[in-house]
Amino acid sequence: MILAGIPPTARRLMAARAARSVGQGALVVDFALYLHALHWTALAIGAVYSASLLLGALATLLVGPASDHFGAKGFLLGYEGLQLACAGIALSSANPWWLGAAAIAAAFGRGANGGAGPFAPAEQSWLSRSMDEGLWGQLFNLNTAVGLFGMGLGAVLAGLPDLLSSWLPGALAYRPLFAVVLLGSLLCLAFLWSAKEGTPPARALPEDAGQRPDATPAPWRNLFTLAGINALNGLGVGMVGPLMAYWFALRFGVGPAAIGGTMAVGFVAAGVMSLAGGKLTLRFGLVGTVLRLRMLGLAMLLIIPFVPFFWLATILYILRAALNQGSIGSRQALFLSLVDSRRRGLAATFNSISIQVPRAIGPAVAGAFFHLEMLTTPFLLAAAFQGAYLWLYRRFFRGKGIGQAPSAD
């Protein structure tokens, strides 16, 4: 897809995603390490991540359907305002109650590839309305890549605490990272404010409902079924993803610069794979692309906890990040294709909720295992859940005619 061919609204939404993703990338590396430097226990760190994910999932329940009726712009502007306030709190105070509340509300350290957290369904719905459905596979993969490249830049900035440690002792060296989040939110507000949003899709003319078979009850059964399958993926992701930087520190004793460099390369590799994913969808279809990338990522997940060297673990992590996160855009496009244009906010909500609620369990469980010095167990549990997810995902789309490879005829 050529950037010049993307409408101004989609370009502004992607620019906002890029600005947001830099702070997310910095904190996905350093936030757990910051709490560790403040002498928080592994159990407490895992509990904060789980509470943040759960709150985000509950907020998503309200935002997605509401965006179908009232539009997405107001919700996204409100989200950035919340991010500004929470970044200001974290920048000025290390009080555990204030910091914990800000972290839970703003999802510090969670990482969302530049997405707007619980407001992501509104963002996805708005983006989907900016271009024809036939281009969604490439559009969503490009949107994902933009966020991943921004996360990569943020992960590089995560090495700042090592550089600042001579001037800012101990945990104070991590504080400037929240200024990155604050600046990113200010840029997001500017981009979102200038983006135009048309009439909310729920106000479409009544005859639009009869133009597609999506008006029948079948898509709702499909949504619930796929949401149940996605829950397995959420459980697996939550066991490993949110605390991966913390695991590197515990397992190999490395600091923010080394971990940030590893994750930066992983995010950039994932961004490149996401761009390639847009091309792969033209050959293998959306479903075939997701299955191929995720199966290879599953193999990497099984190997990582057993390798004895940090450099080897980083190579496997980078490969896994590229394969797993490179398929995000294809999965988003698939879920939105199950319903008509009036219900895309609700479909995006189902997609987010089905992953985020189970994912909220993972950090607390992983934190408990880390506390017991059982650093391998979360990976094995995650692999079991994700293996089941891929098997069921393939069965769900088989014969449905959705997201398949183009015919050679």
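Up top is the structure these notes are about.
Okay, the side chain of N233 next. In this structure, N233 sits in helix α9 (residues 218–240). Here N233 is in contact with R294, R331, I355, Q386 and Y389, once residues within four sequence places are set aside.

A word on the environment of F306. With respect to the element layout, F306 can be found in the loop between α11 (256–303) and α12 (310–325). Ignoring any residue separated from it by four or fewer positions in sequence, one finds F306 in contact with T376 and L380.

Here the focus is the pattern of salt bridges. Enumeration over the complete set of coordinates arrives at 3 salt bridges. R17 is paired through a salt bridge with E123; the nearest N and O atoms lie 3.8 Å apart. Pair noted here: R17 is in helix α1 (residues 8–37) and E123 is in helix α5 (residues 120–128), with a separation of 106 residues, a long-range link. Per residue, the accessibility class of R17 equals that of E123, and both read buried. Across the pair E123 and R20 runs a salt bridge, and its minimum N-O distance is 3.1 Å. Here E123, found in helix α5, pairs with R20, found in helix α1; they are 103 residues apart in sequence, far enough to count as distant.

Per the counting criterion, the structure on display carries 16 aromatic pairs. Over the ring of W193 we find K73, and its NZ or CZ is 5.9 Å from the ring centre.

Quick look at the packing of helix α10 (residues 244–252) against α12 now. Across the interface, α10 lies against α12 with an axial gap of 11 Å and an inter-helix angle of 160°. As the angle between them shows, α10 and α12 are arranged roughly antiparallel. Once α10 is placed against α12, the crossing between them reads as right-handed. Contacts between α10 and α12 involve M244, F248 and F252 from the first element and F310, A313 and Y317 from the second. For the contact of α10 with α12, the residue count by class is 6 nonpolar, no polar and no charged.

On to the nonpolar core. Counting residues in each nonpolar core, the largest one holds 75 residues, and the members touching the most others are F31, F108, M244, W247, F248 and M263. Among the nonpolar cores identified, the runner-up in size contains 21 residues, and A72, L76, A116 and L127 belong to it.

Turning our eyes to something else, we now look at α5. Burial within α5 is extensive, with 9 of its 9 residues counted as buried. Of the residues making up α5, those classed as buried are A120, P121, A122, E123, Q124, S125, W126, L127 and S128.

Conventions used here
Within each chain, residues carry numbers counting from 1 in the order of the written sequence. Per-residue local features of the predicted model are confined to residues with pLDDT of at least 70, and side-chain atom pairs are confined, for both listing and counting, to 80 or more; whole-chain, interface and lining totals are unaffected and use all residues. Heavy atoms throughout the structure, all of them, feed into the side-chain values; hydrogens and water do not. Secondary structure elements are taken from DSSP: a helix is a run of H or I of four residues or more, a strand is a run of E of two residues or more, and numbering for both begins at the N terminus. Contacts between residues were defined by any pair of non-hydrogen atoms, one from each residue, lying within 4.5 Å. Here a salt bridge means any side-chain nitrogen of Lys or Arg lying within 4 Å of a carboxyl oxygen belonging to Asp or Glu. Burial status follows relative accessibility: with a 1.4 Å probe on protein chains alone, a residue under 20% of its type maximum counts as buried, one over 50% as exposed, and anything between as partly exposed. Put simply, two rings from Phe, Tyr or Trp (the six-membered ring, in Trp's case) pair if the centres are within 6.5 Å, and we call them stacked under 30 degrees between planes, edge-to-face over 60, tilted for the rest. Two conditions define a charge located above a ring, namely a distance within 6 Å from the ring centre to NZ of Lys or CZ of Arg, and an angle within 35 degrees of the ring normal. In this analysis, axes come from line fits to C-alpha atoms, helices being fitted only over the stretch in contact, and the angle between any two N-to-C directions falls in the range 0 to 180 degrees. Angular relationships are summarised with four words: roughly parallel below 35 degrees, roughly antiparallel beyond 145, roughly perpendicular across 65 to 115, and oblique for the angles in between. Two helices that cross are described as forming a left-handed crossing if the nearer one is turned anticlockwise from the farther one by less than a right angle, and a right-handed crossing if clockwise. Residue polarity is assigned by list, with Asp, Glu, Lys and Arg as charged and Ala, Val, Leu, Ile, Met, Phe, Trp, Tyr, Cys and Pro as nonpolar; anything else, Gly included, falls into the polar class. What is meant by a nonpolar core is a set of buried Ala, Val, Leu, Ile, Met, Phe, Trp, Tyr and Cys residues, joined one to another through side-chain atoms within 4.5 Å.

Function cannot be read off these values alone, since they describe shape.
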